[in-house]
Amino acid sequence: LLAETMIKQAAASGDWVCLQNCHLAASWMRRLEEKVADLSHDHNNQVHPDFRLWLTSMPSPVFPVPVLQNGIKLTNEPPKGVKANIGRTYNDTGEEVLESCSAKPSEWRRLLFALSFFHAVVQERRKFGPLGWNIKYEFNNSDLECSSSTLRMFLTEQEQIPWAALEYVVGHVNYGGR
(Lines give C-alpha, C1' and ligand atoms only; values in the text may rest on other atoms or scores of the structure.)
Protein backbone atom coordinates (compact mmCIF):
# COMPACT_ATOMS: atom_id res chain seq x y z
CA LEU A 1 0.00 0.00 0.00
CA LEU A 2 1.32 3.43 -0.96
CA ALA A 3 0.51 5.00 2.41
CA GLU A 4 2.47 2.33 4.30
CA THR A 5 5.46 2.76 1.99
CA MET A 6 5.39 6.53 2.48
CA ILE A 7 5.22 6.13 6.28
CA LYS A 8 8.14 3.70 6.29
CA GLN A 9 10.33 5.90 4.07
CA ALA A 10 9.48 9.09 5.98
CA ALA A 11 10.10 7.44 9.36
CA ALA A 12 13.60 6.54 8.20
CA SER A 13 14.42 9.89 6.55
CA GLY A 14 12.72 12.29 8.97
CA ASP A 15 10.14 13.58 6.52
CA TRP A 16 6.52 14.35 7.28
CA VAL A 17 3.53 12.39 5.94
CA CYS A 18 -0.06 13.62 5.83
CA LEU A 19 -2.80 11.06 5.24
CA GLN A 20 -6.07 12.86 4.55
CA ASN A 21 -9.65 11.66 5.05
CA CYS A 22 -8.64 8.53 6.98
CA HIS A 23 -12.29 7.92 7.89
CA LEU A 24 -12.91 6.96 4.25
CA ALA A 25 -10.45 4.05 4.46
CA ALA A 26 -12.37 2.03 7.05
CA SER A 27 -10.89 -1.28 5.92
CA TRP A 28 -7.35 0.05 6.47
CA MET A 29 -7.88 1.49 9.97
CA ARG A 30 -6.78 -1.71 11.73
CA ARG A 31 -3.54 -1.71 9.74
CA LEU A 32 -3.00 1.98 10.53
CA GLU A 33 -3.38 1.19 14.23
CA GLU A 34 -0.70 -1.52 13.91
CA LYS A 35 1.67 0.81 12.00
CA VAL A 36 1.31 3.56 14.61
CA ALA A 37 1.87 1.05 17.43
CA ASP A 38 5.01 -0.22 15.67
CA LEU A 39 6.31 3.33 15.32
CA SER A 40 5.67 4.19 18.96
CA HIS A 41 7.34 0.98 20.19
CA ASP A 42 10.49 1.45 18.11
CA HIS A 43 13.32 0.38 20.41
CA ASN A 44 15.97 0.17 17.68
CA ASN A 45 15.87 3.93 16.98
CA GLN A 46 14.85 3.37 13.38
CA VAL A 47 12.37 6.25 13.53
CA HIS A 48 14.04 9.57 12.75
CA PRO A 49 13.40 12.20 15.45
CA ASP A 50 12.11 14.69 12.86
CA PHE A 51 9.49 12.28 11.47
CA ARG A 52 5.85 13.38 11.82
CA LEU A 53 2.68 11.58 10.82
CA TRP A 54 -0.35 13.79 10.25
CA LEU A 55 -3.79 12.22 9.93
CA THR A 56 -6.99 14.02 9.00
CA SER A 57 -10.41 12.57 9.61
CA MET A 58 -14.00 13.42 10.25
CA PRO A 59 -15.41 12.02 13.50
CA SER A 60 -15.81 8.31 12.82
CA PRO A 61 -16.50 5.17 14.85
CA VAL A 62 -13.99 3.23 12.71
CA PHE A 63 -11.03 5.49 13.54
CA PRO A 64 -8.74 3.60 15.98
CA VAL A 65 -9.03 4.91 19.53
CA PRO A 66 -5.39 4.08 20.45
CA VAL A 67 -4.19 6.30 17.60
CA LEU A 68 -6.29 9.15 18.99
CA GLN A 69 -5.08 8.52 22.54
CA ASN A 70 -1.41 8.53 21.55
CA GLY A 71 -1.54 11.59 19.30
CA ILE A 72 -2.00 15.31 19.52
CA LYS A 73 -5.47 16.28 18.37
CA LEU A 74 -6.43 19.50 16.62
CA THR A 75 -9.96 20.47 15.71
CA ASN A 76 -11.16 23.02 13.21
CA GLU A 77 -14.62 24.17 14.15
CA PRO A 78 -16.63 26.83 12.38
CA PRO A 79 -16.91 30.17 14.16
CA LYS A 80 -19.97 30.86 16.26
CA GLY A 81 -22.30 33.48 14.85
CA VAL A 82 -23.00 34.90 11.42
CA LYS A 83 -20.68 37.89 11.87
CA ALA A 84 -17.75 35.72 12.97
CA ASN A 85 -18.41 33.29 10.12
CA ILE A 86 -18.36 36.03 7.49
CA GLY A 87 -15.23 37.44 9.11
CA ARG A 88 -13.50 34.08 8.86
CA THR A 89 -14.56 33.71 5.22
CA TYR A 90 -13.06 37.08 4.34
CA ASN A 91 -9.99 36.40 6.46
CA ASP A 92 -9.42 33.20 4.45
CA THR A 93 -10.14 34.98 1.15
CA GLY A 94 -7.13 36.66 -0.38
CA GLU A 95 -7.13 39.92 -2.29
CA GLU A 96 -6.51 37.97 -5.50
CA VAL A 97 -9.91 36.27 -5.08
CA LEU A 98 -11.64 39.61 -4.56
CA GLU A 99 -9.98 40.89 -7.76
CA SER A 100 -10.48 37.67 -9.74
CA CYS A 101 -13.53 38.72 -11.78
CA SER A 102 -12.46 41.56 -14.04
CA ALA A 103 -15.59 41.23 -16.21
CA LYS A 104 -17.95 42.57 -13.53
CA PRO A 105 -15.87 43.53 -10.46
CA SER A 106 -18.61 45.46 -8.65
CA GLU A 107 -21.21 42.72 -9.09
CA TRP A 108 -18.63 40.06 -8.15
CA ARG A 109 -17.80 41.67 -4.82
CA ARG A 110 -21.45 42.26 -3.92
CA LEU A 111 -22.57 38.76 -4.89
CA LEU A 112 -19.57 37.19 -3.18
CA PHE A 113 -20.61 38.95 0.02
CA ALA A 114 -24.20 37.73 -0.45
CA LEU A 115 -22.91 34.20 -1.01
CA SER A 116 -20.71 34.44 2.11
CA PHE A 117 -23.69 35.67 4.11
CA PHE A 118 -25.85 32.81 2.83
CA HIS A 119 -23.12 30.29 3.71
CA ALA A 120 -22.81 31.77 7.22
CA VAL A 121 -26.57 31.54 7.78
CA VAL A 122 -26.64 27.91 6.60
CA GLN A 123 -23.77 27.02 8.93
CA GLU A 124 -25.41 28.83 11.84
CA ARG A 125 -28.63 26.86 11.28
CA ARG A 126 -26.86 23.75 12.56
CA LYS A 127 -27.31 24.80 16.17
CA PHE A 128 -31.05 24.30 15.80
CA GLY A 129 -30.60 20.58 15.05
CA PRO A 130 -32.96 18.84 12.65
CA LEU A 131 -35.63 21.55 12.73
CA GLY A 132 -36.19 22.60 9.13
CA TRP A 133 -33.77 20.05 7.71
CA ASN A 134 -34.50 16.58 6.37
CA ILE A 135 -31.10 15.23 7.36
CA LYS A 136 -28.09 16.61 9.19
CA TYR A 137 -25.32 17.72 6.85
CA GLU A 138 -22.12 19.59 7.60
CA PHE A 139 -21.78 22.38 5.05
CA ASN A 140 -18.13 23.38 4.72
CA ASN A 141 -15.85 25.71 2.80
CA SER A 142 -15.83 23.50 -0.28
CA ASP A 143 -19.55 24.28 -0.73
CA LEU A 144 -18.76 27.99 -0.61
CA GLU A 145 -15.74 27.61 -2.93
CA CYS A 146 -17.77 25.65 -5.49
CA SER A 147 -20.55 28.23 -5.40
CA SER A 148 -18.14 31.16 -5.75
CA SER A 149 -16.42 29.46 -8.71
CA THR A 150 -19.82 29.03 -10.36
CA LEU A 151 -20.66 32.66 -9.64
CA ARG A 152 -17.36 33.83 -11.17
CA MET A 153 -17.96 31.67 -14.25
CA PHE A 154 -21.49 33.05 -14.73
CA LEU A 155 -20.31 36.66 -14.37
CA THR A 156 -17.41 36.13 -16.76
CA GLU A 157 -19.21 34.16 -19.47
CA GLN A 158 -22.68 35.77 -19.47
CA GLU A 159 -23.50 39.29 -20.55
CA GLN A 160 -26.40 39.53 -18.09
CA ILE A 161 -26.37 37.89 -14.66
CA PRO A 162 -28.33 34.62 -15.05
CA TRP A 163 -30.30 34.90 -11.80
CA ALA A 164 -32.44 31.80 -12.32
CA ALA A 165 -29.42 29.62 -13.18
CA LEU A 166 -27.42 31.06 -10.28
CA GLU A 167 -30.25 30.41 -7.83
CA TYR A 168 -30.70 26.86 -9.12
CA VAL A 169 -27.03 25.87 -9.09
CA VAL A 170 -26.17 27.45 -5.73
CA GLY A 171 -29.44 26.91 -3.88
CA HIS A 172 -30.62 23.61 -5.28
CA VAL A 173 -27.46 21.82 -6.44
CA ASN A 174 -24.57 23.01 -4.25
CA TYR A 175 -26.48 23.54 -1.00
CA GLY A 176 -29.79 21.81 -1.58
CA GLY A 177 -28.64 18.63 -3.26
CA ARG A 178 -27.75 16.87 -0.04
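Before any of the text, the structure's been laid out above.
Thresholds, definitions, all that
Residues numbered from 1 in each chain as written. Predicted model: local features only at pLDDT ≥ 70, side-chain atom pairs only at ≥ 80, totals over all residues. Heavy atoms only, no water. Helix = DSSP H or I, 4+ residues; strand = E, 2+ residues; numbered from the N terminus. Buried < 20%, exposed > 50% of the residue type's maximum accessible area, 1.4 Å probe, protein only. Salt bridge = Lys/Arg side-chain N within 4 Å of Asp/Glu carboxyl O. Core = buried A, V, L, I, M, F, W, Y, C linked by side-chain atoms within 4.5 Å. Contact = heavy atoms within 4.5 Å. Axes fitted to C-alpha atoms, helices over the stretch in contact; angles between N-to-C directions. Parallel < 35°, antiparallel > 145°, perpendicular 65-115°, else oblique. Left-handed = near helix turned anticlockwise from the far one by under 90°. Nonpolar A, V, L, I, M, F, W, Y, C, P; charged D, E, K, R; others polar.

Participant: Where do I start with unusual backbone geometry in this structure?
Facilitator: Glycine aside, the phi torsion of most residues is negative, and most peptide linkages are trans. Even without a glycine there, the phi angle at Asn21 is positive, about 55 degrees. Examined against the element boundaries, Asn21 turns out to sit in the loop between β1 (16-19) and α2 (29-40). On the basis of relative accessibility, which here comes to 40%, the residue Asn21 falls in the partly exposed class.

Participant: Could you clarify how one ought to interpret the pattern of salt bridges in this entry?
Facilitator: Where charged atoms of side chains with opposite charge meet at close range, the side chains can pair. One pass over the full model with this rule turns up 6 salt bridges. Residue Arg31 pairs with Glu4 through a salt bridge whose shortest N-O separation is 3.2 Å. In this pair, Arg31 sits in helix α2 while Glu4 sits in helix α1 (residues 2-13), placing the two residues 27 residues apart along the sequence. The exposure class assigned to Glu4 is buried, which follows from its relative accessible area of 16%. The residue Glu99 makes a salt bridge to Arg109 at a minimum N-O spacing of 2.3 Å. With Glu99 in the loop between α5 (95-98) and α6 (105-124) and Arg109 in helix α6, this pair connects stretches of sequence that are 10 residues apart. One network of salt bridges, in which partners are shared, links Glu4, Arg31 and Glu34.

Participant: Help me out: how do you make sense of the nonpolar core in this one?
Facilitator: Nonpolar side chains tend toward joint burial in soluble globular proteins. Formed by 16 residues in total, the largest nonpolar core has its most connected members in Trp108, Leu151, Leu155, Leu166 and Tyr175. Other than its neighbours up to four places away in sequence, Leu155 contacts Cys101, Ala103, Lys104, Glu107, Trp108, Leu111 and Ile161. Listed in part, the 14 residues of the second largest apolar core include Ala3, Ala10, Val17 and Val36.

Participant: Sorry if this is basic, but what is going on with the packing of helix α7 (residues 141-157) against helix α8 (residues 163-174) here?
Facilitator: When two helices pack together, you describe them by how their axes are tilted relative to each other and by the distance separating the axes. The N-to-C vectors of α7 and α8 enclose an angle of 165 degrees; their axes lie 10 Å apart at closest approach. Viewed along their axes, α7 and α8 adopt a mutual orientation that is roughly antiparallel. Crossing handedness for the pair α7 and α8: right-handed. Contacts between α7 and α8 involve Asp143, Cys146, Ser147, Thr150, Leu151 and Phe154 on the former and, on the latter, Ala165, Leu166, Val169, Val170 and Asn174. Across the contact of α7 with α8, the residue classes tally to 7 nonpolar, 3 polar and 1 charged.

None of this, on its own, says anything about what the molecule does.
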